[in-house]
Amino acid sequence: MGKKEFLGLFALLLGACASSNSLPRGDAAYSNFPPPSSESRVNEYQIGPLDVLKITVFQEPDLSLEEVPVDASGDVLLPLIGLVEASGKTGTELSSDIANRLAERYLIDPQVSIIVSESASQRITVEGAVSQPGIFEIQGSSNLLQAMALARGPTETARLSEVIVFRRKDDGMYAAQFNLNDIRTGRSENPEIIAGDIVVVGNSFAKALFRDFLQLSPLLATVFVRLDQR
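Keep in mind it's a predicted model, so treat the numbers as computed, not measured.

Comments concerning the sheet that holds strand β5 (residues 112–118)
Thought 1: An order of β2-β1-β5 is seen for the three strands of this open sheet, with the pairing classed as antiparallel. Where the open sheet ends on each side, the last strands, each with one partner, are β2 (65–69) and β5. Direction aside, neighbouring strands of the sheet carry axes that sit 30° apart on average.
Thought 2: Bridge count for strand β1 (residues 52–57) against β5 is six bridges, and the pairing is antiparallel. Residue pairing in the sheet places Thr-56 in a bridge with Ser-113 of β5.
Thought 3: Its contacts with the sheet place helix α3 (residues 91–105) against β1 and β5, and it is angled at close to 135° to β5.

Structure follows, in structure tokens:
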């Protein structure tokens, strides 16, 4: 491929990658993906299906359990009292429920504490042009920059202006596009990321192709340096 043909292909790819889409962006993106509020930061974690709990009943080692799985229906199975609904409750609420059930027939003023040792329901997915894509656990409220940090940041070919967040709500799936550069520099708000969200970082095919060609051909790198100097 000659220099002119390659430059033509490169320009064509740049044009294709710059094509617009219909996703909400700018101010419109924050209607369904607002920044974390003071309320969301202080809300206690709600237990979900497949979480694993550590349940301690003070001075009752036979009733204390190191690993109690929450089943797919959101219940836990405990000694003496059987099934207890856990999903959707905070640790404080579940502790109170268990203590009340124990106090009805078995113990006087039981003291119960709950620790979520494994959180299956508090996970997000980060995919696309990031260094370490995958599924990551979050604790409480998070944000887009923190999600990127979990995935060890964008790759050098990432399109930072095309970071898309997907969120499922009761009435369907929502998506919006954010500019990571604007968020990093404070020109845009840092949207809240919640459990179940999917973050996809766009990849610049043209940038990746350009990088690969430069790595394969030092001579081509010299050509682009000369063109840039004109």
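Side note on the packing of aromatic side chains
Thought 1: Throughout the structure, instances matching the rule amount to two aromatic pairs.
Thought 2: On the basis of an interplanar angle of 75° and a centroid distance of 5.2 Å, the ring pair of Tyr-30 and Phe-178 is categorised as edge-to-face. You can see Tyr-30 sitting in the loop between α1 (3–17) and α2 (38–42) and its partner Phe-178 sitting in strand β10 (residues 172–178), a full 148 residues away along the chain. Across the pair, Phe-178 and Tyr-30 agree in class, each one buried.
Thought 3: Centre to centre, the rings of Phe-33 and Phe-178 are 6.1 Å apart; their planes meet at 85°, and the pair counts as edge-to-face. Of this pair, Phe-33 sits in the loop between α1 and α2 while Phe-178 is found in strand β10, placing the two residues 145 residues apart along the sequence.
Thought 4: Phe-178 sits in the buried class, given a relative accessible area of 3%.
Thought 5: Just above the ring of Tyr-174 sits the side chain of Lys-169; from NZ or CZ to the centre is 5.2 Å.

With respect to the nonpolar core
Thought 1: Ranked by size, the top nonpolar core spans 24 residues in total, and within it Val-126, Leu-144 and Phe-178 carry the most contacts.
Thought 2: Where this core is concerned, the elements lending two or more residues are β6 (123–128), α4 (144–150), β9 (158–169), β10, α5 (180–184) and β12 (198–203).
Thought 3: Setting aside its immediate chain neighbours within four residues, Leu-144 contacts Val-163, Val-165, Phe-178, Leu-180, Ile-183, Asn-190, Pro-191, Ile-193 and Val-199.
Thought 4: Grouped together as the second largest cluster of nonpolar side chains are 19 residues, Ile-47, Ile-55, Val-76 and Val-112 included.

Considerations on the pairing of β1
Thought 1: The pairing of β1 with β2 spans three bridges and is classified as antiparallel. Paired with Ile-55 across the bridge in β2 is Leu-65.

Notes on the sheet that holds strand β7 (residues 134–137)
Thought 1: Across the sheet, five strands lie side by side as β7-β6-β12-β9-β10; this open sheet has mixed pairing. Each edge of the sheet is formed by a strand with only one pairing partner; in this case those strands are β7 and β10. Pairs of neighbouring strands in the sheet enclose a mean axial angle of 20°, with direction left out of account.
Thought 2: Note: β6 against β12, four bridges, orientation parallel.

Definitions and limits used
- Residues numbered from 1 in each chain as written.
- Predicted model: local features only at pLDDT ≥ 70, side-chain atom pairs only at ≥ 80, totals over all residues.
- Heavy atoms only, no water.
- Pairing = 2+ DSSP bridges.
- Helix = DSSP H or I, 4+ residues; strand = E, 2+ residues; numbered from the N terminus.
- Axes fitted to C-alpha atoms, helices over the stretch in contact; angles between N-to-C directions.
- Contact = heavy atoms within 4.5 Å.
- Phe/Tyr/Trp six-rings, centres within 6.5 Å; stacked < 30°, edge-to-face > 60°.
- Buried < 20%, exposed > 50% of the residue type's maximum accessible area, 1.4 Å probe, protein only.
- Lys NZ or Arg CZ within 6 Å of the ring centre and 35° of its normal.
- Core = buried A, V, L, I, M, F, W, Y, C linked by side-chain atoms within 4.5 Å.

Just distances and angles here, no functional claims.
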